[in-house]
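Structural description and commentary
The primary structure of each chain is shown beneath.
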Amino acid sequence: MLRSDFATLFGQSPEIVTEAPGRVNLIGEHVDYCDGFVMPFAISDRTYAAIAKRDDRKIRISSKQRPEEIFETSLDLLSPAGEGDWERYILGVIWAFDKEITTGLDILVDGGVALGAGLSSSAALECSIATALNNLFAAGLSLPELARLAQRAENEYVGVPCGIMDQSVSLMAKAGSALLLDCRDLSTEQIPLDLASAGLELMIIDTRAHHALVDGGYAERRASCESAAAKLGVKALRDCSIAKLESSRAKLTELEYMRAEHVVNDIERVHETVQFLKQNDFVSVGKILTKSHASLRDLFEISCAELDLAVDTALANKSLGGRMIGGGFGGSAIAIFKVADIEPAKAAIAAAFKVAGFVEPRFFTSLPSSGAAVIG
Ligand code: GLA
């Protein structure tokens, strides 16, 4: 479909078609930019990109979601101060490849990751393009290099101060596993995540809430963590133990201490989760998720009424544990359930949202899926 749509739109065939997934983060939230450890997995929803080189320097971009619009610019006009709306995620990746990209491009994308749901539709878009260009121009970048390139596109071109987690998992995920990622050196370990064999399922609850704090709130949390690390005399909070944090309390403001306490403990929770997953102890994993939620809510202060209601209602309806995921102030929560408890829990969460006067939530599920790939 994407191939024939591309041909109709641009009058030539695509030279490459790629896909890249969105993600759910199992554990390790707001710790990637503290050089911490995270454990996300790729979801089955993905974004597709079809690309062909052009004979000139023109860049044309369209999407299956907005077929009537073709955005046009030139390779010579790429600049973080330049034009574009969602196209900037694509332009940023082209810009980050710099001299490797030597011709104009026709690009058609088909975004299958829900927008604004906190499932990293932007990383899926960036990584589908990065994978395509890496192959098309034989740039030879490794997956960690591609992840850093996509992050730079988002940080410097789009202007979002995100960490490295979303791009890394979109590129490096393997089906059936969560990705244990060291955000300092991008080394990874695939940790098998087989809920189904234990009769369990991971429910993803898109609260459809999107609160205004999203952008400023993220940057503010990041800044607090960086100032806490500087005052503690460490490169990043990853280098601070819980004992050191407690004994250095007087060096930090109350707010910095709260933020740091979340980060240091959530990194520890990632390591604990790895151990419990290796023992297939999902009861303990569930408890850790719930603890992480409380920490994100009370210490990091990035939850919101909708996320809290989703998690609380899940817990009151037999969930083994759950938490908000992603940047915060809206987006999605996850909760682990026995398969038989899923439908009643969904009904209870939907009913609770109705009573609270919130927008109706959307429910997804996904097995851990594979990362970005060339598919044609
Ligand atoms: C967003 C960012 C990530 C990460 C998470 C929070 O998804 O893009 O880099 O910081 O928030 O864990």
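Below is a short write-up of the structure. (Residues numbered from 1 in each chain as written. Predicted model: local features only at pLDDT ≥ 70, side-chain atom pairs only at ≥ 80, totals over all residues. Heavy atoms only, no water.)

Looking at the site of the ligand
Put simply, the rule is: Any residue with a non-hydrogen atom lying within 4 Å of a molecule or strand is treated as near it. Here a polar contact means two N or O atoms within 3.5 Å. Within protein one must be a hydrogen donor candidate and the other an acceptor candidate, and residues neighboring in sequence count only if both atoms are side-chain atoms. Only the protein chains shown count as cover for residues, and all accessible areas are computed by the Shrake-Rupley method using a 1.4 Å probe. Charged means Asp, Glu, Lys or Arg here, nonpolar means Ala, Val, Leu, Ile, Met, Phe, Trp, Tyr, Cys or Pro, and polar covers whatever is left, Gly included. Residue ranges assigned to the domains are those given by an automatic or database domain assignment.
In the vicinity of the ligand, the contacting residues are Arg 23, Glu 29, His 30, Asp 32, Tyr 33, Cys 162, Gly 163, Met 165, Asp 166, Tyr 218, Gly 326 and Gly 327. Between the ligand and Arg 23 there is a distance of 2.9 Å, counted from an oxygen atom to a side-chain nitrogen or oxygen. Within the backbone of Gly 327, a nitrogen or oxygen atom sits 3.4 Å from an oxygen atom of the ligand. Relative to its unbound accessible surface of 310 Å², the ligand loses 92% to contact with the protein. Partitioning the shell around the ligand into residue classes produces four nonpolar, four polar and four charged. Residue assignment places the shell around the ligand across two domains, with domain 1 (2–190 + 370–374) and domain 2 (192–365) each supplying three or more.

Digging into the packing of aromatic side chains
The criterion, for reference: Only Phe, Tyr and Trp rings take part, Trp by its six-membered ring, and two of them pair if their centres are within 6.5 Å. Stacked means planes under 30 degrees apart, edge-to-face means over 60, and tilted covers everything else. Helix numbering and strand numbering both begin at the N terminus, where a helix is a DSSP run of H or I of at least 4 residues and a strand a DSSP run of E of at least 2.
For the coordinates displayed, the defined rule picks out four aromatic pairs. Geometrically, the ring pair formed by Tyr 33 and Tyr 218 is edge-to-face, given 5.5 Å between the ring centres and 70° between the ring planes. Of this pair, Tyr 33 sits in the loop between strand S1 (16–27) and strand S2 (37–53) while Tyr 218 sits in helix H6 (residues 214–232), and the two are 185 residues apart along the sequence. Aromatic side chains Trp 95 and Tyr 157 sit 5.4 Å apart centroid to centroid with 55° between the ring planes, which places their arrangement in the tilted category.

Observations regarding the nonpolar core
The condition is simple: To qualify as a nonpolar core, a set must consist of buried Ala, Val, Leu, Ile, Met, Phe, Trp, Tyr and Cys residues joined through side-chain atoms within 4.5 Å. Only protein chains enter the area calculation, which uses a 1.4 Å probe; residues under 20% of their type maximum are buried, those over 50% are exposed, and those in between are partly exposed. The contact rule is simple, with two residues in contact once any of their heavy atoms fall within 4.5 Å.
One finds Met 39, Ile 94, Ile 129 and Leu 133 to be the most contacted residues of the largest nonpolar core, which totals 117 residues. For this core, the domains that each give at least three residues are domain 1 (2–190 + 370–374) and domain 2 (192–365). Setting aside its immediate chain neighbours within four residues, Ile 129 contacts Ala 49, Ile 51, Ile 90, Val 93, Ile 107 and Val 109. Grouped together as the second largest cluster of nonpolar side chains are seven residues, Leu 2, Phe 6, Phe 10 and Val 17 included.

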